[in-house]
Each structure stands twice: as C-alpha cells, then as structure tokens.
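Structure assessment
The primary structure of each chain is shown beneath.
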Amino acid sequence: MRPPAEAIGTLALIVGAIAVAIFIGVEGALVYAVWRYRASRVAMPARFDRNTRLELAWTAAPALTLAVVFVLMLGTLRDIGAATDAQLRIRATGHQWWWEFDYSGIVTANEMHIPIDTAIDIELASVDVNHSFWVPELGGKTDMIPGQINHLRLLTRRPGVYLGQCAEFCGVEHAWMRIRVVAETKEDFDRWLATQGSPATASGDGARVFQSNTCVNCHAIRGTSARGEAGPDLTHVGGRATIAAGVLPSDAASIRAWLVDPQRYKPGAFMPRVPLSDADLDALASYLGSLR
Amino acid sequence: MSAVPLWVARPAGASAAGWLRTVDHKEIGVLYIGMGVALFALGGIESLVMRAQLATPNARLVDPELYDQLFTVHGVTMMLLAVVPLLVGFANYLVPLMIGAPDVAYPRLNALSFWLSLVGAIVVYFSWIAGGAPDAGWFSYPPLAERAFAPGPGVDYYILGLAVNGAGTIIGAINLAVTILLMRAPGLRISRLPLFVWMTLVTSFLILGAYPALSGGLVMLFVDRQLGGHFFDPTAGGQPLLWQHVFWFFGHPEVYILVLPAMGMVSEVIPVFSGKPIFGYRFVAASSVAIGFLSFSVWAHHMFAVGLNEFETLLFSVTSMLIAIPTGVKIFNWTATMIGGRIRLLTPMLFAIGFIAMFVIGGLTGVSLAVVPLDLQTTDTYYVVGHLHYVLFGGTMLGVFAGAYYWFPKMTGRLLSERLGRWHFWTAFVGLNLTFLPMHWLGVQGMARRMWTYAADTGWGPWNFVETAGAFVLAVSMAIFALNVVRSLRGGAIAGDDPWDAFTLEWTTTSPPPPENFRTLPAVTSRRPLWDRKHPEMRDAS
C-alpha cells in the first residue's frame, strides 16, 4: 500500500487537471460569449430559448465526469484512514494546546518520531475539546474527539522533519499547537525510543528547584517523583527541537525566557508564571535543557 | 431634492405609518436591506481587523481572545445576520411586484419576522459590551462551546440571538412561500414564474427544513450550558458529534439559502441584458428544486475527518458530488442565454457575469471537498476559507450587487452611476481574487483556519500580506458602492418605469411603486408579460 500523502497527491493531480480543464472550458465560453455578442456587434438578438438534447447532454457530461472521479477516489481510500497493515501503534492525545504521544507506555510530547518504511496506526484521542491531527506532507487530517478513538494511517519513505498543526479550532492557543514529526531510519528510531524509555537524572540544583515547586503538579519527569499529567511530559524535553508545542527552541536560554513569562510567548496557555529567583531560574533552565 | 419619492410612491395627502409601524412589504424590504447592509459593514470591519492581524507573522495587533471573538462574530454575521436579511429584503420588496400582488400574504407577520430578525442580531452584538462576544466559531462545536471551556456569556448570546433571529427567518419564509403559491396574478402559472421568484420559493422551503434543526441544536446547547444537561458532554455520556450532525443538517442548506436567491437575481439580469429569454427555463427552475432536495443530504461532507464509517463516507461523498450537476446546469444555461444575444455590458450585467466567473471557481473547489482524500487534506484549512468566500463573496455578493444595480431604480426611482458602478465592479473583482485566491495554496501548505497568528518559519507571510492588501481593496470597493448609493439617493438620474427594457411585471408599475403596487396589471400569457406588451407583434409563446 502507498504512503497516504503519495496517494492523495496523485489523486489531487488528476482531479486538479480535470478541474482546470473544466475551468478553462467554462470561463472560455463565458468570455467568448461576452466578446462575440456584445451590443456593438449584434443588431438583433436571437430568440431561441431551449434545446432539450443539449440540456440533457450537459446534465449527463458532469455526471459522467464525477463518476470517473468517484472511481479514482475509491482506489485511494484504502491507503488512508485506518491502517490495516500497521507495524507500529502510537497513541496521540490532544490537549489544550499540546500533543501527547504514547509509544506503548513511553510517553513524550509535541515531537513525534517515526520510522520510515513502516506503516503506523495513530490512535487519536482527546482529553478536553476537539482537535485535529494534521501533518500535510504525511497525509490528511483526522479529528481527535473526546469520548472516541479515531485512527489515522501514516507511512513515509523519506527521512526528514515534517511540520504540522492542529486543524480543528480548540480554543485560544489553537494557533500555537504545532506538531513536529521526525521520520528516521529504523535504527535511529529504535535508538531514539530506547532513550525516551530511559529515566531522567534527578540530581543537581535544577532538579531540586523543579521538585520543590509547583512544576510537579502538572509535569512528569520519569525517574523522579514528578508525575503530573496536566502538562507535557518533560523527561527528555531537552532532546526535542522546540518547547511549548513549537513556540520556542529548546535551548536553555529560550527555556529560561519561557519560564520567566510564558504568557508573553503563548498568551492564554495554562502554563503559569512561577516566581523564582534568578539563580533558581538559571538552574532550572539548564537542568531542563540537559534532559536529552 | 427631486420630486420623485423614495421606496414607496404615496399619493399626495396619504399618510405613512412610519418605519416602526409599517406593514408595507416594500418598506419592510427596505428595512431588511438596511439591516443587512449595516451588519455586512460590521462583519466587514471584523474581517479587516483579522486581515490586519494576519498580514505578518507573529503580529500582536489583537490578542487571541479578541481574534477568536472576531472570527466567530464575523462568521455568524455573514452567514446569518447580514446576507440572509439582504436576500430576504430583496425578496420582500420584489416578490409581490414580480407576481403582480398588492403585498405579501401576511403583512403584519412580515413586520414581526423583520423585527425578530433584528432583535436577534442586536442580542448577538450586545455581547460585545456584556462580558464578551461568542468565541467558539460560527459553528460552535462542543465541547469547546460547553460551559467548561467557554465559561463567559458569549456563547449564550450566540444561542439566544440566533434562536430569535431564526424564528424571524422561519416566519418570513412561511410568508414568502404562501405569497408565491397563492397570490400570483391571473395567468401567472407556476411554470411562468420569474426565476428569482422560483428560487425564492425553493429558498423558503430550505429555510423551513433547515432552520428548525439549528433551533433544536441551540436549545440542546442551552440546556447543556445553563441547565446542567449532557447532550454534547462526553464525560457524562453525551456525544459531541451529535451537535455536528444537527448543525450541518442546517449549515449546508444554509449555504444554498445564501446562494439560490443570488442565482435567481442573475437569472433575471442575464436575459434582460442579453435581450433574450433565459435558455432552458425548465432546467434552471428544476435544477433549483434538485439543489434544494440534495442540499439536505450532503451535510456530513463537513465531517469527513471525524471518523465516519466507510458507508457514511461514501454516501456523503456521492451526494455531495451529485449536487454539482444541477449547479453546473445553471452555469451552462446562463452562458447559453448570452450566446446569440445582444449583450449590454451595464453594471448589473458586469456583476452577473462576474458572479458566474467566480462561482465556477467556488463550485470546482467545492467538488474537490466531496472527494474524501482531498477533503481530508483541505478541510479546516484556509483552502476551505477560500472556497467558501468564492461561493459567498464571488458568488452571492456579486449576485446581490447585480440585483442591487438592477432593482435600485425600481425601489428609489433613481439610477445609480454607471461610472462608479464600473469602478465598484472592477475593484471588487480584483480585491476578492487577491484576498481569497492565495488562501487555497496557503491551506494546502498547512495553514489551518482560525489561527490568530503563525510562525515566521512557515513561510506564509508574503501571501498573507497579499490577502490583507486585497481585503483593503475590497473595503475601498464597498466604499465606492456606498458613495454611489448616497449620491444617487440625493440626486440620481430619474429612472422611469422601465429603465432596462426588462421583461417582468415589476417594471410595469411606477418607480417606486404605489402602496398597493399596481394600478393595472398587464395580461400574463407568457413568462415575459412586459416584453409581450412592448412587442405585440412578436409575443412569446405561452
């Protein structure tokens, strides 16, 4: 079976070509009529007002065209939608306004790694409102609706970084709910997953600041006592390219700026401003940045 | 001031009831149009603020809370509070004149429906100063629209405003349908009805089928929000998708409620300015009925991404494709009407041709949304925003402008300026293409709708800037139209009864018409009674 994006792209080219041909034909006829029958060229208008055969023809012609499009579409449907050939299952859960990715117990956020040449079944869930998972270069979107599980088939042959976006309006920070998908070779993916599965270090000043503040109410860092579930899992946050679902890069300086005033970068997000001393901020930012 | 009266030609000494108490269908039509124009301006201003915010990446002209209110109220305004009153207003003014009736069937009910519509709109806009406007989108999907996620009063104003406005629209639709079915002049058989009246009739039945679904949905949402109900609350066994089904059962026919009357307008304008009867009258009328029926069977194409099963997906894909057929029939018939004619390119005709040219684009992209795999890429993106604006601005609004230039002389006794009209048309044509065309590729590139801003690394900045420039060109275009109307009302050229050499009954009476519309009616023996009267030697066959 084909990668969904490839199947959709081929179909789009065919349907697009048909549409362009119809567009040129109809607009051409319109322009011709206006030019040829403008008042300065015609003394007396004709009076004909019907031709049943012609009418039936231009009722039937679109019907036939649409039948062709429908049949072409049927050949594409099995490449998208639920994966019957899945070799890997990932649970993606939408939150206001970030993504949780669960690889059979290994949890990460906002950045999803996938192996190439592997059919993947993404189980889509939501804990609050409707969201929609969409990475345009990997295929169509499917909604995340609380109370039900939807499925989306992913398959790509090209390694690389693919950017996506929540597509269903989900509240004030719908815009800053970006997805980053890293497609890599099977070996790289296995290495990444092993890293994600390992616990984080819990020593140092930064860890102490994290553990002794309200951070732990919302965030989890495996290997420590922080088990909050309201916000993204931070076990390997420093290994991701961005924080806050694509708002800022994940280097220590950006993390520090984010901690100082999250609302400045993502107004409306649930991340509060936690009052910390400059020394604590430095320690916390460098600790989080070091969680790779 | 010229001696010609505006809106209604009352005999000397006759007293008018005044705008607040009038039950004259022409004055109520003008009230509806005035309401539509005012709300169209408000909705337009909201869109300009949004376009200004989106002109550059990472802009902070408005905050996300305000942006969400702007796009919600813009959508509600344009879909329900502005364009529906505009179209109903034209129908109110014109239908009795076009069928040779002295008024609508229930004049007092007519006043009630207008005032309910207006009160509903005021309730929605009152929210701006009463704790915040609705902010969950014009289709307000739960759970986001539930109190847990939208705790402010905005969504409640949305519910109450739309329920009251909808009651007015439903009552008005009953009135128009009864008028058309029972009050036609002698000889004006249903098979001779002007096509604008035909499409108003179909639209009225669409309103009667669709609006009650919206009202029911609104009641359920109200119960959830205010009375502790759980219709759409998944944490208590409710079903968020139920709302989507109910809403789009209303929402898709609503699109045809907005576009069929405009199709009716261009179906009047094109024959007159081509000097030829409409080509394939029966097909044009019947295709409207077909669109009417089909429009109730396509709603779930708004929901291909929600996880429908295969049967539902294929069913709604087929029905959504089918509706393109009667739509295409209309476009072919309009073009065939022009072929062989003698085309006078005056402003009403410019807008009618513009309607066809732009509606074709919206129609073709519409078919792509019925093709499920393509829909899954494009739904909920700017591609859809572009598509729907080609249908509703490129289509409906250009059609309404065609109708406005065509019938303004009948309503006011004065002609609009052709020179300003051409400026209005070409700025609208350029502006709408600049604004809405780039949306298609931005959507395919990944720009979801309803984003209050976007990152610079997306590369969407330049085309968004073009769109914003286009939106301001459109604003200039609308200002030109306003100028044209104001100048014409103050001292436009006197139109006379029949300035366009037209075909239908409304042009047999004075401009504006007297209170009961007609002193004498011509005998109706064909679809073009006025043509027959002017050209007795070449009357139409009956």
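Residues numbered from 1 in each chain as written. Chains lettered and ligands numbered in written order. Predicted model: local features only at pLDDT ≥ 70, side-chain atom pairs only at ≥ 80, totals over all residues.

Some thoughts on the overall build of chain A
Of the regular secondary structure elements, chain A holds eight helices and twelve strands. Taken over the C-alpha trace, chain A has a radius of gyration of 27 Å; the compact-globule value for 292 residues is 19 Å, which it surpasses by more than 25%. For chain A, the spread of C-alpha atoms along the three principal axes comes to 90 × 45 × 35 Å. Burial status across chain A gives 42% buried among its 292 residues. Of all intrachain contacts in chain A linking residues separated by at least 6 positions in sequence, the fraction that spans at least 24 positions is 65%. (Helix = DSSP H or I, 4+ residues; strand = E, 2+ residues; numbered from the N terminus. Rg over C-alpha atoms; globule rule 2.2 N^0.38 Å. Buried ≥ 20, exposed ≤ 12 C-beta atoms within 10 Å, placed from the backbone. Contact = placed C-beta atoms within 7 Å.)

Focus: the overall build of chain B
Helix and strand content of chain B: 15 helices and zero strands. Scaling as 2.2 N^0.38, a compact globule of 542 residues should have a C-alpha radius of gyration of about 24 Å, and chain B matches this with 23 Å. For chain B, the spread of C-alpha atoms along the principal axes amounts to about 70 × 50 × 45 Å. Here chain B holds 542 residues, and 63% of them are scored as buried. Considering only contacts within chain B whose residues lie at least 6 apart along the sequence, 82% involve residues at least 24 apart.

A closer look at the domain arrangement of chain A
Domain boundaries in chain A define domain 1 (4-77), domain 2 (88-197) and domain 3 (205-290). The distance between the C-alpha centroids of domain 1 of chain A and domain 2 of chain A comes to 40 Å. (Domains from an automatic or database assignment.)

Remarks on the nonpolar core
Residues and elements named next belong to chain B. Formed by 270 residues in total, the largest nonpolar core has its most connected members in Val266, Val269, Phe355 and Ala402. Ranked by residue count, the leading element in this core is helix α2 (residues 64-98), at 22 residues. Those residues in contact with Val269 that lie beyond four places of it in its chain are Pro348, Met349, Ala352, Ala402 and Tyr406. (Core = buried A, V, L, I, M, F, W, Y, C linked by C-beta atoms within 7 Å.)

Quick word on the interface of chain B and chain A
Between chain B and chain A, the contact holds 67 residues from the first and 67 residues from the second. Counting residues per element, the ones that place at least two in the side of chain B that touches chain A are α2, α6 (240-274), α7 (281-294), α8 (310-322), α9 (324-338), α10 (347-370), α11 (372-378) and α13 (418-445) of chain B. It is α9(B) that contributes the most residues to the side of chain B that touches chain A, eight residues altogether. The residue makeup of the side of chain B that touches chain A, split by class, is 42 nonpolar, 17 polar and eight charged. (Nonpolar A, V, L, I, M, F, W, Y, C, P; charged D, E, K, R; others polar.)

Some points on the packing of helix α6 (residues 252-260) of chain A against helix α8 (residues 278-290) of chain A
All names here are of chain A. Relative orientation of the contacting elements α6 and α8 amounts to 130 degrees, with a least axis distance of 8 Å. What the angle tells us is that α6 and α8 run oblique. Both α6 and α8 take part in a crossing whose hand is right-handed. Contact with α6, carried on its side by Ala252, Ile255, Arg256, Leu259 and Val260, involves Leu281, Asp282, Leu284, Ala285, Ser286, Leu288 and Gly289 of α8 and no other residues of that element. (Axes fitted to C-alpha atoms, helices over the stretch in contact; angles between N-to-C directions. Parallel < 35°, antiparallel > 145°, perpendicular 65-115°, else oblique. Left-handed = near helix turned anticlockwise from the far one by under 90°.)

Some points on the sheet that holds strand β4 (residues 111-115) of chain A
Hydrogen bonds along the backbone pair up the strands of a sheet, which may run parallel or antiparallel. All names here are of chain A. Taken together, three strands build an open sheet; the order of strands is β4-β10-β9 and the sheet is mixed. Of all the strands in the sheet, just β4 and β9 (160-165) have a single pairing partner and so form its edges. On average, each strand axis in the sheet is inclined to that of its neighbour by 25 degrees, with strand direction left out of account. Of the pairings in the sheet, the one linking β4 to strand β10 (residues 178-184) comprises five bridges and is parallel in character. (Pairing = 2+ DSSP bridges.)

Observations concerning the environment of A:Asp233
Residues and elements named next belong to chain A. Structurally, Asp233 can be placed in the loop between α5 (215-218) and β11 (242-243). Taking the C-alpha atoms as reference points, Asp233 and Val68, 165 residues apart in sequence, are found 48 Å from one another. Contacts of Asp233, omitting those with residues within four sequence positions, involve Val107, Thr108, Ala109 and Ala220.

A few points about the environment of A:Asp188
If you trace the backbone, A:Asp188 turns up in helix α3 (residues 186-197). Spatially, the C-alpha atom of A:Asp188 lies 33 Å from that of A:Ala12, the residues being 176 residues apart in sequence.

Quick word on the pairing of strand β3 (residues 106-109) of chain A
All names here are of chain A. In the sheet, strand β2 (residues 98-103) pairs with β3 via four bridges, with the strands oriented antiparallel. Bridging across to β3, Tyr103 finds its partner in Ile106. Linking β2 to β3, which pair antiparallel, is a turn of two residues; within it Ser104 sits at a positive phi near 45 degrees.

Section: the pairing of β10(A)
Across six bridges, the pairing between β9(A) and β10(A) is antiparallel. Note that in β10(A) the partner of A:Gly164 across the bridge is A:Ile179.

Quick word on the sheet that holds strand β8 (residues 150-154) of chain A
Residues and elements named next belong to chain A. The sheet built from five strands is open, its strands ordered β3-β2-β1-β5-β8 with mixed pairing. Only two strands of the sheet have a single neighbouring strand rather than two, namely β3 and β8. Between one strand axis and the next, the sheet turns through 25 degrees on average, direction left out of account. In terms of strand pairing, strand β1 (residues 88-95) meets β2 through five bridges, oriented antiparallel. Looking across to β2, one finds that Thr93 is bridged to Glu100.

Describing unusual backbone geometry
Look at the link from A:Gln96 to A:Trp97: it is a cis peptide, with omega at -5 degrees. In this fold, A:Trp97 is placed in the loop between β1 and β2. Of the consecutive residues B:Pro142 and B:Pro143, the connecting peptide bond is found in the cis state with omega at 0 degrees. Relative to the helices and strands, B:Pro143 resides in the loop between α3 (107-126) and α4 (154-182). The phi dihedral of B:Asp501 is positive, around 55 degrees, even though this residue is not glycine. Positionally, B:Asp501 belongs in the loop between α14 (461-491) and α15 (529-534).

Details of the packing of helix α5 (residues 195-226) of chain B against α6(B)
For any two helices packed against each other, the geometry is given by the interaxial angle and the distance between the axes. Residue and element names in this part refer to chain B. Two elements in contact, α5 and α6, have axes whose closest approach is 8 Å; the angle formed by their N-to-C orientations is 160 degrees. Taken together, the axes of α5 and α6 are roughly antiparallel relative to one another. Seen along the crossing, α5 lies across α6 with a hand that is left-handed. The residue makeup of the contact of α5 with α6, split by class, is 24 nonpolar, seven polar and two charged.

Focus: the environment of A:Met1
Residue and element names in this part refer to chain A. Counting through the fold element by element, Met1 comes out in the segment before α1 (4-36). Assessed through the 13 C-beta atoms surrounding it within 10 Å, Met1 is described here as partly exposed. In this structure Met1 touches Arg78, Asp79 and Asp85, once residues within four positions along its chain are discounted.

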